[in-house]
Amino acid sequence: MSITVATWNVNSIKARLAPLLEWLRAARPDIVLLQELKCTTEAFPRAQVEDLGYHALVCGQKGWNGVAILSRFAIDPIVDRLPGDEQDAQARYVEGFTGGLRVAALYAPNGNPVGSDKFAYKLRWLERLRRHAAELLEGDDAVVLGGDYNVIPEPIDCYDPEAWRDDALFHPESRRAFRALVYLGLYDAFRALHPDEPKAYTFWDYQGRAFQLDHGIRIDHLLLSPQALDRLERVAIDRAPRARAHASDHTPLVAAFTEG
DNA sequence: ATGGTAGGTTGCCTA
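Keep in mind it's a predicted model, so treat the numbers as computed, not measured.

Rules behind the numbers
- Residues numbered from 1 in each chain as written.
- Chains lettered and ligands numbered in written order.
- Predicted model: local features only at pLDDT ≥ 70, side-chain atom pairs only at ≥ 80, totals over all residues.
- Helix = DSSP H or I, 4+ residues; strand = E, 2+ residues; numbered from the N terminus.
- Rg over C-alpha atoms; globule rule 2.2 N^0.38 Å.
- Buried ≥ 20, exposed ≤ 12 C-beta atoms within 10 Å, placed from the backbone.
- Contact = placed C-beta atoms within 7 Å.
- Near = placed C-beta within 6 Å.
- Nonpolar A, V, L, I, M, F, W, Y, C, P; charged D, E, K, R; others polar.
- Core = buried A, V, L, I, M, F, W, Y, C linked by C-beta atoms within 7 Å.
- Pairing = 2+ DSSP bridges.
- Axes fitted to C-alpha atoms, helices over the stretch in contact; angles between N-to-C directions.
- Parallel < 35°, antiparallel > 145°, perpendicular 65-115°, else oblique.
- Expected span 1.5 Å × (residues − 1).
- Arc of directions from axis to C-beta.

What to know about the overall build of chain A
Then, number 1: Broken down by element type, chain A carries eight helices and 14 strands.
Then, number 2: The C-alpha atoms of chain A give 17 Å as radius of gyration, which agrees with the globular expectation for 260 residues (18 Å, within 12%).
Then, number 3: Burial analysis of chain A (260 residues in total) assigns 45% to the buried set.
Then, number 4: Counting contacts in chain A only where the partners sit at least 6 residues apart, residues at least 24 apart contribute 69% of the total.

Given below as structure tokens:
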């Protein structure tokens, strides 16, 4: 038996409840890291996911952002905010221990346009994540940091690097901040098992028939501690939910781990 | 050619 961990930016839990429940029934992931709930913690559809056998650890806010961990196993809450800035009230990080894994659901800032306050916030946020991840790596847990990093790590992760050259998701500073996480000793689960696979996208814009044309980018990632990497069996992008009507612009990324 | 789409704190902001 193995444990599957998925990450999925649903772009509004309210708008995506039916597709989410349908996917949970079909794919039966053990642990799901959700982003962009766009609802308060209180408004999260807890009963509906519990009916499918999931515990839920939710960190929401009104209107924007919002992250959650769903798990077939009980979840021990650890933190519901990214350390390093007490003034930051944006619901972008939740971490817990479940199924023998320390998991976090994270939603990094988009950061557009480059040079704005939002871009500076993105870089500060990723640096806070780096500092927190460094602390996590001092422990012995198998750690899975999953979510929408809003970073295209390499040209191979983008259908047209030239078209994204001036975007905050592909800016050299954003890519550098992502590499700084890897240099700590975290492993990009997808690239660990599929180092040269092109067109491994997790996001396609709603505009311009991007999905039909496969104009995608890979910005949703599962970063693993060495202890988690040792247990990684397989990882895949499930394009099926993106192909459905009324889809999120992101699709799930799913990894399987041996039981610890 | 600064468009196009989708969702929300909706007639504008975020992505």
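Considerations on the protein's contact with DNA strand B
Then, number 1: Not every one of the 14 residues close to DNA strand B is listed here, only the nearest: Ser 12, Ala 15, Gly 63, Asn 110 and Gln 207.
Then, number 2: Considering only residue class, the surface near DNA strand B consists of four nonpolar, six polar and four charged.

A word on the nonpolar core
Nonpolar side chains tend toward joint burial in soluble globular proteins.
Then, number 1: Judged by nonpolar contacts, the single largest core of 73 residues is most densely connected at Val 5, Leu 34, Val 67, Ala 68, Ile 69 and Leu 224.
Then, number 2: Broken down by element, the residue count for this core peaks at six residues, all from strand β7 (residues 101–107).
Then, number 3: In this structure, Leu 224 is in contact with Val 143, Val 144, Leu 186, Tyr 187, Ala 189, Leu 229 and Leu 232, ignoring residues within four places of it in sequence.

A look at the pairing of strand β4 (residues 67–71)
Every other side chain in a regular strand lies on the same face of the sheet, so the side chains alternate between the two faces.
Then, number 1: With five of five residues buried, β4 is to be regarded as a mostly interior element.
Then, number 2: Where burial is concerned, the two faces of β4 agree: the one with Val 67, Ile 69 and Ser 71 and the one with Ala 68 and Leu 70 are both buried.
Then, number 3: Of the strand pairs in this sheet, strand β2 (residues 31–35) and β4 are connected by five bridges, and their pairing is antiparallel. Paired with Leu 34 across the two strands is Ala 68, which belongs to β4.

As for the pairing of strand β12 (residues 220–224)
Then, number 1: Along β12, five of the five residues are buried, which leaves the element largely enclosed by surrounding structure.
Then, number 2: With burial as the criterion, each face of β12 is covered, one bearing Asp 220, Leu 222 and Leu 224 and the other bearing His 221 and Leu 223.
Then, number 3: For strand β8 (residues 143–148) and β12, the ladder comprises five bridges, and the chain directions are antiparallel. What sits directly across from Gly 146, in β12, is Leu 222.
Then, number 4: By the bridge criterion, two bridges tie strand β9 (residues 187–188) to β12 in an arrangement that is antiparallel.

Comments concerning unusual backbone geometry
Then, number 1: In this structure, the amide linkage connecting Asn 112 to the following residue, Pro 113, adopts the cis form with an omega of -5 degrees.
Then, number 2: Among the secondary structure elements, Pro 113 is positioned in the loop between β7 and α3 (117–137).
Then, number 3: Located in the positive-phi region is Lys 38, a residue other than glycine, with phi close to 55 degrees.
Then, number 4: By the element assignment, Lys 38 lies in the loop between β2 and α2 (46–51).
Then, number 5: Even without glycine at this site, Lys 199 takes up a positive phi of about 55 degrees.
Then, number 6: Inspection of the secondary structure assignment puts Lys 199 in the loop between α5 (189–193) and β10 (203–204).
Then, number 7: The exposure class of Lys 199 is exposed, given the 12 C-beta atoms found within 10 Å.

Considering the packing of α3 against helix α4 (residues 172–183)
Then, number 1: Look at α3 against α4: their axes get within 9 Å of each other, and the N-to-C directions meet at 5 degrees. Regarding the angle of α3 to α4, the classification is roughly parallel. Seen from α3, the contacting residues are Lys 122, Leu 123, Leu 126, Glu 127, Leu 129, Arg 130 and Ala 133; seen from α4, they are Glu 173, Ser 174, Ala 177, Ala 180 and Leu 181.
Then, number 2: Broken down by class, the residue content of the contact of α3 with α4 amounts to seven nonpolar, one polar and four charged.

Structural notes on the sheet that holds β8
Whether parallel or antiparallel, the strands of a sheet pair through hydrogen bonds between backbone atoms.
Then, number 1: Here six strands make up an open sheet; going across it, the order is β5-β6-β7-β8-β12-β9 and the pairing mixed. The outermost strands of the open sheet, each flanked by one partner alone, are β5 (76–79) and β9.

Focus on the environment of Asp 249
Then, number 1: In this structure, Asp 249 sits in the loop between α8 (240–243) and β14 (253–258).
Then, number 2: The sequence separation of Asp 249 and Gln 35 amounts to 214 residues, and the corresponding C-alpha distance is 12 Å.
Then, number 3: Apart from the residues within four sequence positions on either side, Asp 249 is in contact with Asn 11, Phe 203, Trp 204, Asp 205 and Tyr 206.

Some thoughts on α4
Then, number 1: For α4, spanning twelve residues, the distance from its first C-alpha to its last is 16 Å, which sits close to the expected 16 Å at 1.5 Å a residue.
Then, number 2: Buried within α4 we find Ser 174, Ala 177, Phe 178 and Leu 181. The buried residues of α4 occupy an angular sector of 95 degrees when projected down its axis, which confines them to one face. Counted as exposed and oriented over 90 degrees from the buried face of α4: Pro 172 and Tyr 183.
Then, number 3: Phi for Gly 185, located one or two positions after α4, is positive at around 115 degrees.

What is shown is where atoms sit, not what they do.
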